Amino acid sequence: MSKAIPATRMPQRQVPRPAAIPPARRRAATVALWLLIASSIVFLPDAFVRWFLPKDALAAIAVALASVAVARGRLPRWFVAAASAALALALLSVLISAAPGVQLMGRWPRYEGLVTLPVYFGALWAGARLLGPGAPADSLRTLVRAIATAAIALGLVSLLEAVGARPIATDLARPGSLTGNATDQGVLGAIFCAMLMLPVLRAWTNPRTGLAERVWLSTALVLAVATVILSASRAGLLAAVLVLGILMALEIVRSSGRQRLRLVGIATLAGMLLIGGALAVPFTRNRVLGASPLSTQSLEGRFTFWSDAAGVVAEHPLGVGVSGFLNANAGNSTSESVLDSPHNGVLQVLLAGGIPLLIVVGGLFITAAVFGLRSWRRLPDAEPTAARRGPAASPKTDAARRDVLAGSLAALGGFGVALLTHFTAPSTTIVAALLLGILVAGRPEGGLRIRLRSSSQRRTAAAGRSILLAVWSIWLIVVVSAEVPLAAGVAHAARGEIAAAESAFSTASAIRPWDADLSGIAAQSFAAAADAGVPGASARAIDWAERSRVGLPHTVATERALAVGQFTEGDVAGAAKTLAPLVELAPQDAAIAVQNAIVLYTNQDAAGARREVERALKLDPDNEVALQLAAILRTQPE
C-alpha cells in the first residue's frame, strides 16, 4: 500500500476585525434617526406659527448628532455636483430678485432660504450617512420603529380631531393634526404608509417576529391609513394609492407563482379598504366626490393659482428667486387670497430658478429614482462576498434594506405626485429628504471627500464639521425662540395693550433683525389696533412698516398697514401717496380699493372716491364698507 502523504495546509489570511464602535457614537446615530422622524410632527404651542420653524430646529439637532455617528454611507459625486448646480442657479435667481437680502434668508412663514433649505439638505445628508449601504439591520429597524411611533402619534391626534375634540387649539375646520395643514397631514400619512406596509407584511409572515412588534407595527399602519382618510386631502389619498401601487409592483417583480397571486389579492383588498374608508367618512367623501362647496372652490382655486404663476414665470424666465412668489404675484392677489406658493412643485422650481433649475432638479430626481431602483434590484442577487458587502452586511440586513429602499421609492413617488397640487413644508419634506438620502447613498468609503494624510487630520476635520453643525442648530433654536414674543406681540396688540406689544415685537426683532416679515407682522398688528381706535397704535404701525420696507419693498400687506397708520394719524396726504402705487400693485384687491376710496373721500375727491367704490364693488359685490360708502356718495353732488 502506498503511504498517504498529508496535504500541506495553506496559510490562511486573517481578516482584520472591524474597530469597535464607541457606544456614544451608536447612540448618536439612534437618537439622530428618532429626532429626524420626530421633527415631522413636533410643534411649539406658544409660537406665532407653531408648525414650521420648530420642526427645522429639531431636524438640525438631529443632523448635528448624525455628524458624530459612524458613517454608513455617503452622497455620491454625481448627486453633490447636481445639487451644487441647483444651488448656484437658485442663488443667481435670488441675487437678481426684487429683495435679495430677505429672500436669501427666506420669507415668512416657511423661510425656505438659508433658514430652511439647509435643513432639507442636512436631512438628506444624514439619511445617506446613517442608513447607507453599510448600515446594520438594527439601524434600519430603528428607522421603521421611529416612523411607527410618529404614525401612531399623528393618527391618534387625527382621530381626536375627527370626533370633534381639539387637543391643539385652532379654529380651522381641517386642523391638520400635528402638521398644522390638512394636506401635509394626508401626505405625511401616505409617506408613513409607504415605510410601514412591507415591515407589517414581513412581521406577519415571519414566525420569529414577536407579537408585541406585530401589534405595534400593525397599529401604526392602521393609524397612518386613518390619517390619510381623515385628512380629507385628495393629494394625500392619491399619494397613498400610488404608494400602494408602487410597493405591490416591486413585490410582484421579485416574486413568482402563487406569491404573485397572493400579492395581487392583498393589493386589491388594501385598495378597496383605502377607497372604502374614504367613502365611508362623510367629510372625506364629500371632498373626493366634489359634493362639498369648499372642495370645488379649492379645485378651481388651484387652476387660478397655476395660471397666475405661469404668468409670473413668463415675465421672469430666470425665476423670481426662492420665496419671491408672494410679491411677484401681488397683481393677481386679493385680500382673501395671498399666496406664498403656487401650490405646484414644478411651478415652485420654475419660480425659484427658471427653466435651467427645473432641468437640473428634474434630472437629479430622475437619476436618483433610477439609482435607487438599481440598488433595490441588486440586493436580491446571490449573496456577495464578505469583502464586497463589508462587515455589517448579512442576509437579514439585505432583506431589511431591500424593504427600506422599496418603501423610499414608493414614499418619494407619492410625495412627488402630492406636490403637483401642494408645496414643500418641513412636516413632509424633512422625511422625504431623509428617504432620498437613503435611496442615493453610496458606500461610506467612496464618494466626494477630502483625502487627508493622517487619521488625526481626519478626526480634526470631522470634529470641526460637528462643531459647525452644532453652532448652526443652536442658531436655529435662537431663530425659533423669536416666535414666542412675536405671538405675544400680536396678542397684546389685538387686546389694545400697545406698550406691551411694542416690547414683545422689539424682543422678537432683536432675535431676528434680518426678518422684514416680522416687522411687517408688527405693522399689520398695530394697524388693526389703530383702525379700532386704540391710542398710540398708528404711530407704531408707521414705524414698523417703514422698518419692513427697507428690506422688503412693495409688499401689499405692509403698504396697507402703513396707509392705515398714516390715515389714522391724520396724515391723509401721506396715506394717499402710499395708496396710489398700491392700487397699481394689487388691482384685484377690493379692500385696497375701499381703503383708497375712503382716503380720496376724506381728501374731498368725491369723483375719485366714486371710481374706487365702483371698482371695489365689481371685485366684491358684497363688500359692506363699499356699499355703505356708495350710499353716502349718492347723496353727494356730482
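Student: Please clarify how the overall build of the chain should be interpreted in this entry.
Tutor: The helix and strand tally for the chain stands at 27 helices and zero strands. Taken against the 2.2 N^0.38 rule, which gives 26 Å for 638 residues, the C-alpha radius of gyration of the chain at 28 Å falls within 12% of a compact globule. Considering only C-alpha atoms, the chain reaches an extent of 135 × 60 × 45 Å along its principal axes. Burial status across the chain gives 50% buried among its 638 residues. Put simply, 75% of the contacts in the chain that link residues at least 6 apart link residues at least 24 apart. Looking at the chain, you have 57 positive and 39 negative side-chain charges, and the mean spots of the two groups are 24 Å apart.

Student: Looking at this structure, how should I read unusual backbone geometry?
Tutor: Glycine aside, the phi torsion of most residues is negative, and most peptide linkages are trans. In this model, tryptophan 108 is joined to proline 109 through a cis peptide bond whose omega is 5°. Structurally, proline 109 is set in the loop between α4 (100-105) and α5 (117-131). A positive phi angle, close to 55°, is found at alanine 232, a residue other than glycine. In this structure, alanine 232 sits in the loop between α8 (211-231) and α9 (234-253). Its identity as a non-glycine residue notwithstanding, histidine 343 has a phi of 60°, on the positive side. Relative to the helices and strands, histidine 343 resides in the loop between α13 (325-328) and α14 (345-378).

Student: When you look at α14 in this model, what are you seeing that I'm missing?
Tutor: Side chains of residues three or four places apart in an α-helix project in the same direction, reflecting 3.6 residues per turn. Taking 1.5 Å per residue as the helical rise, α14 with its 34 residues ought to reach 50 Å, whereas the 31 Å between its terminal C-alpha atoms falls clearly short. The axis of α14 is deflected most strongly, by about 120°, at glycine 353, and proline proline 356 appears within four residues downstream. Near the N-terminus of α14, the side chain that reaches the backbone nitrogen of valine 346, with its oxygen 3.0 Å away, is that of asparagine 344.

Student: I would appreciate a short explanation of the packing of aromatic side chains in the present structure.
Tutor: Aromatic rings in a pair are described by how distant their centres are and how their planes are angled relative to each other. Under the definition given, this model contains eight aromatic pairs. Their ring planes at 35° and their centres at 5.2 Å tell us that phenylalanine 43 and tryptophan 51 sit as a pair that is tilted. Ring geometry for tyrosine 111 against tryptophan 514: centres 6.0 Å apart, planes inclined by 90°, an arrangement best described as edge-to-face. Here tyrosine 111 is found in the loop between α4 and α5, whereas its partner tryptophan 514 is found in the loop between α20 (498-511) and α21 (516-531), with 403 residues between them in sequence. Judged by its relative accessible area of 1%, tyrosine 111 is buried. We classify tryptophan 514 as partly exposed; its relative accessible area is 23%. Chaining the aromatic ring pairs together yields one cluster made of Trp78, Phe79 and Phe371. Stacked on the ring of tryptophan 544, the Lys or Arg arginine 547 has its end atom at 3.8 Å from the ring centre.

Student: Which parts of the structure should I look at to understand the packing of helix α25 (residues 590-602) against helix α27 (residues 624-634)?
Tutor: In a pair of packed helices, the angle between the axes and the distance between the axes together describe the arrangement. At their nearest, the axes of α25 and α27 sit 10 Å apart, and the two run at 30° to each other. Accordingly, the angle class assigned to the pair α25 and α27 is roughly parallel. Seen from above, α25 lies across α27 with left-handed handedness. Listed contacts from α27 to Val594, Ala597, Ile598 and Tyr601 of α25 are Val625, Ala626, Leu629, Ile632 and Leu633.

Student: Can you walk me through the pattern of salt bridges in this structure?
Tutor: Pairing between side chains of opposite charge can happen when the charged atoms of each approach one another. Scanning all chains against the criterion turns up 16 salt bridges. Note that glutamate 112 and arginine 110 form a salt bridge whose closest N and O atoms lie 3.0 Å from each other. A relative accessible area of 5% means that arginine 110 is categorised as buried. A salt bridge links arginine 254 to glutamate 251; its shortest N-O distance comes to 3.4 Å. Taking the relative accessible area as the measure of exposure, arginine 254 reaches 31% and is therefore partly exposed.

Student: Hey, could you run me through the environment of valine 228 in this one?
Tutor: Here valine 228 shows up in helix α8. Separated by 40 residues in the primary sequence, valine 228 and leucine 188 place their C-alpha atoms 8.1 Å from one another. With residues near it in sequence (within four places) discarded, valine 228 still touches Gly186, Gly189, Ala190, Ser233, Gly236, Leu237 and Ala240.

Student: Looking at this structure, how should I read a nonpolar patch on the surface?
Tutor: Judged by side-chain polarity, Leu91, Leu92, Leu95, Ile96, Leu104, Leu114 and Leu318 come together as a nonpolar surface patch covering roughly 610 Å² of accessible area. Relative to the helices and strands, leucine 114 resides in the loop between α4 and α5.

Student: Would you mind showing me how to read the packing of helix α2 (residues 53-68) against α5 here?
Tutor: One can describe the packing of α2 onto α5 by two numbers: an axis separation of 9 Å at closest approach and a directional angle of 35°. The interaxial crossing formed by α2 with α5 has left-handed handedness. Of α5, the residues touching α2 (which contributes Asp56, Ala59, Val63, Ala66 and Ser67) are Val119, Gly122, Ala123, Trp125, Ala126, Arg129 and Leu130. Of the residues in the contact of α2 with α5, the class split is eight nonpolar, two polar and two charged.

Student: Please clarify how the side chain of serine 548 should be interpreted in this entry.
Tutor: Along the chain, the position of serine 548 falls in helix α22 (residues 537-551). Using a relative accessible area of 1% as the deciding quantity, one classes serine 548 as buried. Serine 548 has contacts with Ala516, Ser519, Gly520 and Thr558, leaving out every residue within four places of it along the chain.

Student: I keep staring at the nonpolar core and nothing clicks. Help me out?
Tutor: General note: in soluble globular proteins, nonpolar side chains tend to be found buried as a group. Of all hydrophobic cores here, the largest spans 114 residues; its most connected members are Leu143 and Leu196. Broken down by element, the residue count for this core peaks at 14 residues, all from helix α7 (residues 182-205). Setting aside its immediate chain neighbours within four residues, leucine 196 contacts Val144, Ile147, Ala148, Ala151, Leu217, Ala220 and Leu221. Counting 22 residues, the second-largest nonpolar core is a separate cluster that includes Trp544, Ala545, Ala561 and Val564.

Rules used in this analysis
- Residues numbered from 1 in each chain as written.
- Predicted model: local features only at pLDDT ≥ 70, side-chain atom pairs only at ≥ 80, totals over all residues.
- Heavy atoms only, no water.
- Helix = DSSP H or I, 4+ residues; strand = E, 2+ residues; numbered from the N terminus.
- Rg over C-alpha atoms; globule rule 2.2 N^0.38 Å.
- Buried < 20%, exposed > 50% of the residue type's maximum accessible area, 1.4 Å probe, protein only.
- Contact = heavy atoms within 4.5 Å.
- Lys, Arg positive; Asp, Glu negative; His and termini not counted.
- Charge placed at Lys NZ, Arg CZ, Asp CG, Glu CD.
- Expected span 1.5 Å × (residues − 1).
- Bend = angle between axes of the 7 residues up to and from the residue.
- Polar contact = N/O pair within 3.5 Å; in protein donor to acceptor, adjacent residues only side chain to side chain.
- Phe/Tyr/Trp six-rings, centres within 6.5 Å; stacked < 30°, edge-to-face > 60°.
- Lys NZ or Arg CZ within 6 Å of the ring centre and 35° of its normal.
- Axes fitted to C-alpha atoms, helices over the stretch in contact; angles between N-to-C directions.
- Parallel < 35°, antiparallel > 145°, perpendicular 65-115°, else oblique.
- Left-handed = near helix turned anticlockwise from the far one by under 90°.
- Salt bridge = Lys/Arg side-chain N within 4 Å of Asp/Glu carboxyl O.
- Patch = residues over 30% accessible without salt bridge, like charges linked within 9 Å, V, L, I, M, F, W, Y side chains within 5 Å.
- Areas by Shrake-Rupley, 256 points an atom, 1.4 Å probe, with all protein chains shown as cover.
- Nonpolar A, V, L, I, M, F, W, Y, C, P; charged D, E, K, R; others polar.
- Core = buried A, V, L, I, M, F, W, Y, C linked by side-chain atoms within 4.5 Å.

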